[in-house]
Amino acid sequence: MSSRFNIIWNFLSHYKYLIVIVLGILLVGFIDENSFVQRVRYELQISDLKSSIEKYNAQNEADTKRLKEIRKNPKAIEKIARERYFMKADDEDIYVLSDDEIQTENQNETTE
């Protein structure tokens, strides 16, 4: 029993710095709250958030441009009302042409 203990003790005392360095790297690299793995996760999350910010900034610019157009030109309000909400004047008829049936038929053909 003591020979096993002496062998283990000699190994630990001989490689004590190497063991401490390896354990420290494992602790910092994988186990710690601020590990390299967590850092990679945070970098991925940051890149996703930056792409979301870019998307929302582009949408904000487009909406701001549309709002300026609406404020400057009263005909723009009428155009938006006609295009988006299918509003019409009293003496007009609106015909909505849709290709939804063609798209659903194509989807059915591809799924079969």
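Residues numbered from 1 in each chain as written. Predicted model: local features only at pLDDT ≥ 70, side-chain atom pairs only at ≥ 80, totals over all residues. Heavy atoms only, no water.

> Help me understand the packing of aromatic side chains in this model?
The geometry of an aromatic ring pair comes down to the distance between the two centres and the angle between the two planes. Following the criterion strictly, the structure yields two aromatic pairs and no others. Residues phenylalanine 11 and tyrosine 15 carry aromatic rings whose centres are separated by 5.1 Å and whose planes lie at 55 degrees to one another, so their mutual orientation is tilted. When its relative accessible area of 48% is taken as the criterion, phenylalanine 11 is described as partly exposed. Lysine 55 extends its terminal NZ or CZ atom over the ring of tyrosine 56, reaching a point 4.9 Å from the ring centre. (Phe/Tyr/Trp six-rings, centres within 6.5 Å; stacked < 30°, edge-to-face > 60°. Buried < 20%, exposed > 50% of the residue type's maximum accessible area, 1.4 Å probe, protein only. Lys NZ or Arg CZ within 6 Å of the ring centre and 35° of its normal.)

> Explain the pattern of salt bridges here, please?
Opposite charge on two side chains lets them pair, provided their charged atoms get close. In the structure shown here, the tally under the stated rule is one salt bridge. Residues aspartate 63 and arginine 66 are paired through a salt bridge, measuring 3.5 Å at the closest nitrogen-oxygen approach. Separated by three residues within a single helix, aspartate 63 and arginine 66 lie in helix α3 (residues 36–72), roughly one turn from each other. Aspartate 63 gets classed as partly exposed once you look at its relative accessible area, which sits at 36%. By relative accessible area, which is 33% here, arginine 66 ends up partly exposed. (Salt bridge = Lys/Arg side-chain N within 4 Å of Asp/Glu carboxyl O. Helix = DSSP H or I, 4+ residues; strand = E, 2+ residues; numbered from the N terminus.)

> What should I look at first to understand the packing of α3 against helix α4 (residues 74–85) in this one?
In helix packing, the relevant descriptors are the interaxial angle and the interaxial distance, both defined with respect to the helix axes. Running from N to C, α3 and α4 cross one another at 120 degrees; their axes reach a closest spacing of 5 Å. In terms of orientation, α3 and α4 fall into the oblique class. Between α3, through Arg66, Glu69, Ile70 and Lys72, and α4, the contact on the second element is made entirely by Pro74, Ala76, Ile77, Ile80 and Arg84. Considering only residue class, the contact of α3 with α4 consists of five nonpolar, no polar and four charged. (Axes fitted to C-alpha atoms, helices over the stretch in contact; angles between N-to-C directions. Parallel < 35°, antiparallel > 145°, perpendicular 65-115°, else oblique. Contact = heavy atoms within 4.5 Å. Nonpolar A, V, L, I, M, F, W, Y, C, P; charged D, E, K, R; others polar.)

> Just to check I follow, could you spell out the side chain of serine 35 for this structure?
Considering the arrangement of structural elements, one finds serine 35 in the loop between α2 (16–31) and α3. What makes serine 35 buried here is its relative accessible area of 3%. Non-local contacts of serine 35, meaning those with residues more than four positions away in its chain, are made with Val28, Gly29 and Phe30.

> Hey, could you run me through α4 in this one?
Note on helix geometry: an α-helix contains 3.6 residues per turn, so any two residues three or four positions apart are oriented the same way. The end-to-end C-alpha distance of α4, which contains 12 residues, comes to 16 Å, matching closely the 16 Å that a straight helix rising 1.5 Å per residue would cover. Summarising the contacts, the buried residues of α4 are in contact with α3. The backbone nitrogen of lysine 75 lies 3.1 Å from a side-chain oxygen of the residue at the head of α4, namely asparagine 73. Once α4 finishes, phenylalanine 86 follows within two positions and takes phi at roughly 55 degrees, a positive value. (Expected span 1.5 Å × (residues − 1). Polar contact = N/O pair within 3.5 Å; in protein donor to acceptor, adjacent residues only side chain to side chain.)

> What is the right way to read the confidence of the model for the protein from this model?
Close inspection of predicted coordinates is inappropriate in any region flagged by low pLDDT. Overall, the prediction assigns the protein a mean pLDDT of 82, with 88% of residues at 70 or greater. Averaged pLDDT values for the elements of the protein fall to 58 in helix α5 (residues 100–111) and rise to 93 in α3. (pLDDT = per-residue confidence, 0-100.)

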